[in-house]
Amino acid sequence: MSNDRLFRQLSIGLISGWLIVFVLLPNLMVLLVSVLTHDPERLVQFTFSLDSYRRLFDPLYARVVWDSLLLAATATLLCLLMAYPFARAIVALPRSWRPVALFLLILPFWTNSLIRTYALKNVLGAKGLVNQGLMAVGIIDEPLQLLFTEVAVVLGLVYILLPFMVFPIYASIDKLDLRLLEAAKDLGANALQRFIRVELPLTKPGIIAGSLLVFLPAMGMFYVSDLLGGAKHILVGNLIQTQFLKVRDWPFGAAASVTLTVLMGLMLLAYWRASRAIGRKGGELDD
Amino acid sequence: MINNKQPLMWLPRVLVMLGVFLFLYVPLLLLIVNSFNANRYGFQWDGFSWQWYLKLFNNEGLKVAAGHSLVVAMLASTVSVLIGSLTAVALFRYQFRGKQVLQSGLFVVMMTPDIVMAIALLALFATIGIKLGFISLLLAHITFCLPFVVASVYARLRGFDHNIIDAARDLGATDAVIFRRILVPLAMPAIIGGWLLAFTLSLDDVIVSSFVTGPGYEILPLRIQSMVRVGVSPEVNALATLLLAGSLLLVTLSQWLTWRAGRARPQSV
């Protein structure tokens, strides 16, 4: 029996210990660093200050943060607009075909995301496929400047993160109780009403989970904006990276990261509340 | 939602699917084609050539980086599978104080943006004085792989009948024996799947690695990053093609395992 206790304590202790040392502790450190003062000599100086947070609202940086939020939000919206009809199309497939469609969706996700970004870069270039195609058809006479613009960054983010939007939405549409839609139909709701009043609210957890999985990483993907957006400073990720690795202003970088974490917390809260609300209304949900 | 009575109802769906798959695959296919293209810039087809592959195999720095990446990915996925499987079993079998906290914690780690984790780990390593390089990289990779392994194994365990364990207990099996002889074999497909997922996550990571590795230990994604940053580099096309082939193999293997597991367990949801 004492062996069993040992086994139990070992398995619980190992993971708890790991998470405390490599997740909890480091994040507390970042929180601490974010309220300290920058010191060019020794990285940080132990003087309490909210200066780093204030600087996030400094017009120079507020612009980066705002642009980054906007870019990530645009990418998320675009992902949602693509993923929702796509997920519905997969659910509409015969059951035996669905794994094939999902497999085709994951396949690129298993390849290096840097290489995928690079692949997109080639397509968007002045002599890339998009410009050559548009010129061949005669829509444009001169190549469009796509690369090194915000459009390219948004497309890059969508390209990398799309599967993360599809999966949760697919799961929630798949779980949808079709009888509810039939009931709405019998009660006289038209297709649009059924979609807006029944389907959309019931798949909200999937939508929020997907948005969470796209929006948050999108803000941090500095290599996408490096490759597709030129050397411009447009994502919070680039800001944090520069502050930490180049300028070495850790408190400021930490403050930006804490802000991102708070944003994540808020979105997680929204997600939990949405799934709980649906659980109460008797929708089919287990997690 | 399945309503095929109306004619042409399927048309928009087919178009949506086609559109998404074209968007996902055309850039990659172009990359593969260009890896065999004699033309350096790939704007036109100048005939078939192996030259980029040859250049790739002669790039010593790249080979070293690839070796480092493989070592880190192998070790990180193996360690995270060991800890992750134990965790999944603990979550499945035991009721304990803080279980909810542990589960939420794992979920939060999974959701945390890479950049946030990256600087947190950098702060940790800098404070406790771990030199940036192999060790710091390995610890970081294990950390971000863990929740995915736990989720993968736990999802499979959840479908099991608790009675199997009770029966084993009645027959005198200890927890360690139950783990080794019953739960691990039963969850094997998910464990292998989790290992493969961790392996790919580790190989793919750019953000965390760029913060926690040092100049003495270069890894593949960072090497690729510096290669593609400077502009056109057809070797990258060749490398991409090889990596694509490799991941095709891995993903097929893992899907096949999941599929086989699903067939072996028809009572599951």
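Residues numbered from 1 in each chain as written. Chains lettered and ligands numbered in written order. Predicted model: local features only at pLDDT ≥ 70, side-chain atom pairs only at ≥ 80, totals over all residues. Heavy atoms only, no water.

## Quick word on the overall build of chain B
Alright, step 1. Summing up its helical and strand segments, chain B has 11 helices and zero strands in all.
Alright, step 2. Along its sequence from the N terminus, chain B presents helices and strands in the succession α-α-α-α-α-α-α-α-α-α-α.
Alright, step 3. The C-alpha extent of chain B, read off along each of the three principal axes, is 70 × 65 × 30 Å.
Alright, step 4. A total of 269 residues make up chain B; the buried ones form 52% of that total.
Alright, step 5. Taking the contacts inside chain B whose residues are at least 6 apart along the sequence as the reference set, 71% of them involve residues at least 24 apart.
Alright, step 6. Side chains of chain B give 19 positive and 11 negative charges; the mean places of these two sets differ by 6 Å. (Helix = DSSP H or I, 4+ residues; strand = E, 2+ residues; numbered from the N terminus. Buried < 20%, exposed > 50% of the residue type's maximum accessible area, 1.4 Å probe, protein only. Contact = heavy atoms within 4.5 Å. Lys, Arg positive; Asp, Glu negative; His and termini not counted. Charge placed at Lys NZ, Arg CZ, Asp CG, Glu CD.)

## Observations regarding the packing of aromatic side chains
Residue and element names in this part refer to chain B.
Alright, step 1. Enumeration according to the criterion identifies 20 aromatic pairs over all chains in this entry.
Alright, step 2. A ring pair is formed by Phe-36 and Trp-50, whose centres lie 5.6 Å apart and whose planes are at 85°; its orientation type is edge-to-face. With Phe-36 in the loop between α1 (10–35) and α2 (51–57) and Trp-50 in the loop between α1 and α2, this residue pair connects regions lying 14 residues apart in the sequence.
Alright, step 3. Both rings, one in Trp-50 and one in Tyr-53, keep their centres 5.6 Å apart while their planes meet at 70°; by these two values the pair is edge-to-face.
Alright, step 4. Note on Tyr-53: relative accessible area 6%, which makes it buried. (Phe/Tyr/Trp six-rings, centres within 6.5 Å; stacked < 30°, edge-to-face > 60°.)

## Side note on the interface of chain B and chain A
Alright, step 1. Counting from both sides, the interface comprises 80 residues of chain B and, opposite them, 84 residues of chain A.
Alright, step 2. Across the chain B to chain A interface the summed buried area is about 7,700 Å²; carbon plus sulfur atoms make up 80%.
Alright, step 3. Along the contact surface separating chain B from chain A lie one salt bridge.
Alright, step 4. If you look at where chain B meets chain A, you find seven residue pairs in polar contact (both at pLDDT 80 or more).
Alright, step 5. Classifying every residue of the side of chain B that touches chain A gives 58 nonpolar, 16 polar and six charged. (Buried area = accessible area lost by both parts, 1.4 Å probe. Salt bridge = Lys/Arg side-chain N within 4 Å of Asp/Glu carboxyl O. Polar contact = N/O pair within 3.5 Å; in protein donor to acceptor, adjacent residues only side chain to side chain. Nonpolar A, V, L, I, M, F, W, Y, C, P; charged D, E, K, R; others polar.)

## Thoughts on the packing of helix α3 (residues 59–92) of chain A against helix α12 (residues 236–246) of chain A
All names here are of chain A.
Alright, step 1. α12 packs onto α3 with a crossing angle of 135° between their chain directions and a minimal axis gap of 8 Å. Classified by the angle their axes make, α3 and α12 are oblique. Along its contact with α3, which presents Tyr-61, Val-64, Val-65 and Ser-68, the element α12 presents Val-236, Leu-239 and Gln-243.
Alright, step 2. Split into classes, the residues belonging to the contact of α3 with α12 amount to five nonpolar, two polar and no charged. (Axes fitted to C-alpha atoms, helices over the stretch in contact; angles between N-to-C directions. Parallel < 35°, antiparallel > 145°, perpendicular 65-115°, else oblique.)

## Topic: the nonpolar core
Alright, step 1. Counting 174 residues, the largest nonpolar core has Leu24(B), Leu121(B), Leu157(B) and Phe211(B) as its most contacted members.
Alright, step 2. Here this core gets 14 residues from one element, more than from any other, and that element is helix α7 (residues 150–175) of chain A.
Alright, step 3. Every residue in contact with Leu121(B), bar those within four places of it in the chain, is listed here: Phe22(A), Pro26(A), Ala140(B), Val208(B) and Val212(B).
Alright, step 4. The next biggest cluster of nonpolar side chains, apart from the first, holds six residues, and it includes Leu176(A), Ala184(A), Leu202(A) and Ile278(A). (Core = buried A, V, L, I, M, F, W, Y, C linked by side-chain atoms within 4.5 Å.)

## A closer look at the environment of Ser49(A)
Residue and element names in this part refer to chain A.
Alright, step 1. By the element assignment, Ser-49 lies in the loop between β2 (43–45) and α2 (51–56).
Alright, step 2. Ser-49 sits in the buried class, given a relative accessible area of 14%.
Alright, step 3. Along the backbone, Ser-49 and Thr-37 are 12 residues apart, and their C-alpha atoms lie at a distance of 6.2 Å.
Alright, step 4. If near-sequence neighbours (up to four positions away) are discounted, Ser-49 is found in contact with Ser-34, Val-35, Leu-36 and Thr-37.

## Quick look at helix α4 (residues 99–111) of chain B
Alright, step 1. In this model, α4(B) (13 residues) spans 19 Å end to end at C-alpha, consistent with the 18 Å of a helix rising 1.5 Å per residue.
Alright, step 2. Listing the buried residues of α4(B) in full gives Lys99(B), Leu102(B), Leu106(B), Val109(B) and Met111(B). (Expected span 1.5 Å × (residues − 1).)

## Considerations on the pattern of salt bridges
Alright, step 1. Using the criterion set out here, one finds 12 salt bridges over all chains in the structure.
Alright, step 2. Across the pair Asp67(A) and Arg63(A) runs a salt bridge, and its minimum N-O distance is 3.8 Å. You can see Asp67(A) and its partner Arg63(A) sitting in helix α3, four residues apart, about one turn around the helix.
Alright, step 3. The exposed category is assigned to Arg63(A), whose relative accessible area is 54%.
Alright, step 4. For Arg88(A), the salt bridge identified is with Glu199(A), shortest N-O distance 2.9 Å. Placement of the pair is Arg88(A) in helix α3 and Glu199(A) in helix α9 (residues 191–202), with a sequence separation of 111 residues.
Alright, step 5. The exposure class of Glu199(A) is buried, given its relative accessible area of 2%.
Alright, step 6. Here the residues in one salt-bridge network are Asp4(A), Arg93(B), Arg169(B) and Asp175(B), joined through shared partners.

## A closer look at the environment of Leu43(A)
All names here are of chain A.
Alright, step 1. Relative to the helices and strands, Leu-43 is located in strand β2.
Alright, step 2. For the pair Leu-43 and Arg-248, spaced 205 residues apart in sequence, the C-alpha to C-alpha distance is 6.8 Å.
Alright, step 3. With sequence-adjacent residues up to four places away left out, Leu-43 is seen in contact with Thr-37, His-38, Arg-248, Trp-250 and Pro-251.

## Topic: a nonpolar patch on the surface
Alright, step 1. Residues Ile20(A), Val21(A), Leu24(A), Leu28(A) and Leu31(A) make up a contiguous nonpolar surface patch of about 440 Å² in total accessible area.
Alright, step 2. On the secondary structure map, Val21(A) appears in helix α1 (residues 2–34). (Patch = residues over 30% accessible without salt bridge, like charges linked within 9 Å, V, L, I, M, F, W, Y side chains within 5 Å. Areas by Shrake-Rupley, 256 points an atom, 1.4 Å probe, with all protein chains shown as cover.)

## Side note on unusual backbone geometry
Residues and elements named next belong to chain A.
Alright, step 1. Even without glycine at this site, Phe-148 takes up a positive phi of about 65°.
Alright, step 2. By the element assignment, Phe-148 lies in the loop between α6 (129–137) and α7.
Alright, step 3. Here Arg-248, not a glycine, exhibits a phi torsion of approximately 60°, which is positive.
Alright, step 4. Looking at the secondary structure, you find Arg-248 in the loop between α12 and α13 (250–280).
Alright, step 5. Arg-248 gets classed as partly exposed once you look at its relative accessible area, which sits at 40%.

## What to know about the side chain of His141(B)
Residues and elements named next belong to chain B.
Alright, step 1. Tracing the sequence through the fold places His-141 in helix α6 (residues 134–157).
Alright, step 2. On the basis of relative accessibility, which here comes to 1%, the residue His-141 falls in the buried class.
Alright, step 3. When near neighbours in sequence (up to four residues on either side) are disregarded, His-141 contacts Val-72, Ala-76, Ser-202, Asp-205 and Ser-209.

## Describing the confidence of the model for chain A
All names here are of chain A.
Alright, step 1. Of all residues in chain A, 96% have pLDDT values of 70 or greater, and the mean over the chain is 87.
Alright, step 2. Least confident of the elements in chain A is β2, whose mean pLDDT is 80; most confident is α7, at 93.
Alright, step 3. Segment residues 282–287: pLDDT under 50, and eight contacts once partners within four positions in sequence are set aside and those in other chains are kept. (pLDDT = per-residue confidence, 0-100.)

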